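Below, each chain spelled out in residue letters.
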Amino acid sequence: MTIGVKHSVFSLLASAAMLAGCAALSVEGASAADETVPGYISRLPQDEVIYFALPDRFANGDDANDRGGIAGGPQDHGYDPTHKGYYHGGDLKGLTEKLDYVKGLGASAIWLGPIYQNKAVQGAPGGVSAGYHGYWITDFTRVDAHFGEDNDMRAFVDAAHARDMKVYLDIITNHTADVIAYRECHDPEFEGVRSADGCEYRSKADYPWTTRGGPDGEPINDGFMGDEGAFQTDGNYANLTDPNYAYTTYVPEDEKDIKKPAWLNDPIYYHNRGNTSFEGENSLYGDFFGLDDVMTSHPRVVEGFIDIYKDWITRYRIDGFRIDTARHVNPEFWRAFNPAMIDHAASLGIPNFHVFGEVFEPDPGKLARFTRVDRFPAVLDFAFQDVVTQTLVNGAPASAFADLFRADDLYGGGADAALALPTFIGNHDIGRFSGFAEAAFPNASEDERFKRVRLAHALMTFARGAPVIYYGDEQGFVSDGNDQLAREDMFESQVDVYNDNDLIGTDATTADDNFDVEHPLYKAIAEIAAIYHAHKPLRRGRQIVRLAETDGGVLALSRMGEEGEEYLAVFNLRKEPRILNVEVGPDTEHFEALIGACASSTPARGSYPVEIEGLDFLVCRKLPSQVGR
């Protein structure tokens, strides 16, 4: 549907800010002594606007690799562009061809879903799907043939860097593809005890390693005793020689050597205890939806994964890692792995390597624990995403943001560390923000749909943290749900359940090619990103909550610069317009508008008048002439 509403997003001021932002991307932070240093090298993690894309669903640059070089039908090669759970043909060449589109949106970093060689198809009868998403890895050392070859990866990274953009890779250490089977619940000819519920989890208490795990029942300890390294030794794990302590493992003959590096083919390096229910002990030891759960406390595994991902940094000069399923891996592993990645990158001239873990947790206190105990430099800010949804979709008061930001001191490094948390409003697992809003407001006008999504992107950009744009949001994609339902194609889709969606701000559907740089959401997000890039305090500045209404929807945040700058962002999370006063610094008399109708002066020191429409926002800057007074 076409939107016909006037918006401030197309002002001349926005155009000027966009140009300034592009300039800032290439020069800010570069060494004055060496002007040849690319801007992306010296930018901090909080300087980035991140664009997250699934390669299979973005652009098809080479249809010769659609089947990954595998003969047969969809159940062999996994390619079926009509099925939402199979490969659709997107690849690295397609991504490379569209980098100007991504950069034009204002993205300075692109995060790719996993690109490693996957098991093409897996699953029980009736639930079979393909590894288009990248999380069923068999070969950790090369690019999935459905996405191209290693030289395509090199070309992609080089092209991104030439555009002053960083590249983040999605990585996995918790599990591999489902290859190891258990005779008790997989082998129809096995005469042992059958489980009516499939491969249910078998605990360490009921099935200790000493039962059949080693010679004469020699005990081992997995090291989760608060004394890291004390038990993660070759000597300790030498006592574990039999992987059949909980289930009788076996690997189908045609898959015995399918994993690379070769050490990953040995069941001794896996927990082999059955499926996790994501609670308690089995959250660390259980198989993630049947995937082979790696024994990440084993020193061979720690060493092996460090070598694997160091090599990806060395080969391609990657700029950061998003780490999948981080909460399902023991803390001691991360304490060894994350510093190894950061130090290795630094040794190659990549000083600001960004590591952030995926911890699916909306409680900021519980989320912060992974920066304290597991020592992640940053985690995806699921708590922020939850609060955006609660306030902008479910009607919670703006004070929910004050509660959220009050917890920033809990992160390792405190509020300064919270600046680098990647913030987002939806993704490939939980679904799109637009889908949440659509479900809550099914009768909303086209103008309201647009404003709500625009406002959500402004919230995640101008509040502390590094914003993450989920591909397709800028084209008005509206998901029907989560997971496969939120992984639409940017190129012409053949999936019926995608193509019947009513996109925001356009008459197009996902059956069309959706790379429209004139789309109103694309232009709105580009303006927001440009202002973010052009003004350092909006990225790195200390954040002050000026107002977070306990019974309303107005949120006001100040971002403070090191030299006395103040940027005021005001958000109205409700449909009704508001007129009110907001506290500002007592030394400020005059502001200028970056976005919206900002008042030019304060009627009294420390008080700023705000007039704001429903579902709108303002970004106002203290006049530079007042800075330093």
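Up top you'll find the structure we're talking about.
Residues numbered from 1 in each chain as written. Predicted model: local features only at pLDDT ≥ 70, side-chain atom pairs only at ≥ 80, totals over all residues. Heavy atoms only, no water.

Colleague: Explain the packing of aromatic side chains to me, using residue names and the numbers behind them.
Modeller: Evaluated as defined, the whole model comprises 39 aromatic pairs. Ring geometry for tyrosine 182 against tyrosine 247: centres 4.7 Å apart, planes inclined by 15°, an arrangement best described as stacked. Note that tyrosine 182 is positioned in strand E9 (residues 181-182) and tyrosine 247 in the loop between helix H9 (234-237) and strand E10 (249-250), a separation of 65 residues in sequence. You'll find tyrosine 182 and tyrosine 247 in the same group, each marked buried. For the pair phenylalanine 288 and phenylalanine 289, a centre-to-centre distance of 5.1 Å together with 90° between the ring planes defines the contact as edge-to-face. The ring of tryptophan 312 carries the charged tip of arginine 315 above its face, separated from the ring centre by 4.7 Å. (Phe/Tyr/Trp six-rings, centres within 6.5 Å; stacked < 30°, edge-to-face > 60°. Helix = DSSP H or I, 4+ residues; strand = E, 2+ residues; numbered from the N terminus. Buried < 20%, exposed > 50% of the residue type's maximum accessible area, 1.4 Å probe, protein only. Lys NZ or Arg CZ within 6 Å of the ring centre and 35° of its normal.)

Colleague: Got a sec to walk through the sheet that holds strand E13 (residues 354-357)? Specific residues and values, please.
Modeller: Neighbouring strands of a sheet are bound in pairs by backbone hydrogen bonds; such pairs are parallel or else antiparallel. Taken together, the 8 strands give an open sheet; going across it, the order is E14-E13-E12-E7-E2-E1-E16-E15, and neighbouring strands pair in parallel fashion. Edge positions in the sheet fall to strand E14 (378-379) and strand E15 (422-423), since each of these pairs with one other strand and no more. One ladder, built from 4 bridges, connects strand E1 (residues 50-53) with strand E2 (residues 109-112); its direction is parallel. From the neighbouring strand, isoleucine 50 faces E2, where its bridge partner is alanine 109. (Pairing = 2+ DSSP bridges.)

Colleague: A description of the state of the cysteines should follow, citing residues and the corresponding values.
Modeller: Here the structure, examined in full by the defined rule, presents 2 disulfides. There is a disulfide in this structure between cysteine 185 and cysteine 199, and the S-S distance comes to 2.2 Å. The sign of the S-S torsion, about 105°, decides the handedness of the disulfide formed by cysteine 185 and cysteine 199: right-handed. Here the residue cysteine 185 occupies a position in helix H7 (residues 183-186), and cysteine 199 occupies one in the loop between H7 and helix H8 (209-212), the gap between them amounting to 14 residues. Under the relative-accessibility criterion, cysteine 185 is labelled buried at 14%. What makes cysteine 199 buried here is its relative accessible area of 9%. Between cysteine 598 and cysteine 620 runs a disulfide, and the two sulfur atoms are separated by 2.1 Å. One quick way to see it: the torsion about the S-S bond of cysteine 598 and cysteine 620 is about -85°, and its sign makes the bridge left-handed. A residue pair is termed long-range when its members are at least 10 positions apart, and cysteine 598 in the loop between strand E21 (591-595) and strand E22 (607-612) and cysteine 620 in strand E23 (residues 617-622) qualify at 22 residues. Across the pair, exposure class does not vary: cysteine 598 and cysteine 620 are buried alike. (Disulfide = S-S within 2.5 Å.)

Colleague: Provide a residue-level description of the sheet that holds strand E18 (residues 554-560), including the pertinent values.
Modeller: Pairing within the open sheet is antiparallel, and its 5 strands lie in the order E17-E18-E19-E23-E21. Each edge of the open sheet is held by one strand with a lone partner, namely strand E17 (542-548) and E21. On average, adjacent strands in this sheet sit at an angle of 25° to one another, irrespective of strand direction. Inspection of the sheet shows E17 paired to E18 by 6 bridges, in the antiparallel sense. Each bridged residue has a counterpart across the sheet, and for isoleucine 544 the counterpart in E18 is serine 558. Taken strand by strand, helix H15 (residues 399-406) contacts E17 and E18, and its axis lies near 150° from that of E17. Docked against the sheet, helix H18 (residues 446-462) engages E18, strand E19 (566-572), E21 and E23, running at close to 150° with respect to E19. (Axes fitted to C-alpha atoms, helices over the stretch in contact; angles between N-to-C directions. Contact = heavy atoms within 4.5 Å.)

Colleague: Describe the nonpolar core, with residues and values.
Modeller: Grouped together as the largest cluster of nonpolar side chains are 162 residues, with contacts concentrated most on Tyr51, Phe58, Leu169, Phe305, Tyr309, Phe462 and Phe571. By residue number, the principal contributor to this core is helix H11 (residues 299-316), which donates 9 residues. In this view, phenylalanine 305 contacts Phe140, Ile172, Thr173, Trp263, Leu264, Val294, Phe333 and Phe337; residues no more than four positions away in its chain are not counted. Membership of the second largest hydrophobic core comes to 14 residues, among which are Val554, Leu580, Phe591 and Val610. (Core = buried A, V, L, I, M, F, W, Y, C linked by side-chain atoms within 4.5 Å.)

Colleague: Would you mind going over the environment of glycine 476 in detail, with residue names and values included?
Modeller: Secondary-structure assignment places glycine 476 in the loop between strand E16 (466-470) and helix H19 (496-499). We classify glycine 476 as buried; its relative accessible area is 0%. As a C-alpha pair, glycine 476 and histidine 519 span 43 residues in sequence and 8.3 Å in three-dimensional space. Apart from the residues within four sequence positions on either side, glycine 476 is in contact with Leu503, Ile504, His519 and Leu521.

Colleague: Got a sec to walk through the pattern of salt bridges? Specific residues and values, please.
Modeller: Applying the stated criterion across every chain yields a total of 42 salt bridges. As a salt-bridge pair, glutamate 358 and arginine 322 come within 3.6 Å of each other at their nearest N and O atoms. Of the two residues, glutamate 358 sits in the loop between E13 and helix H13 (364-372) while arginine 322 sits in strand E12 (residues 320-323), which places them 36 residues apart along the sequence. Taken as a pair, glutamate 358 and arginine 322 share a single burial class, namely buried. Within the structure, one salt-bridge network assembled from shared partners comprises Arg43, Glu48, Asp164 and Lys166. (Salt bridge = Lys/Arg side-chain N within 4 Å of Asp/Glu carboxyl O.)

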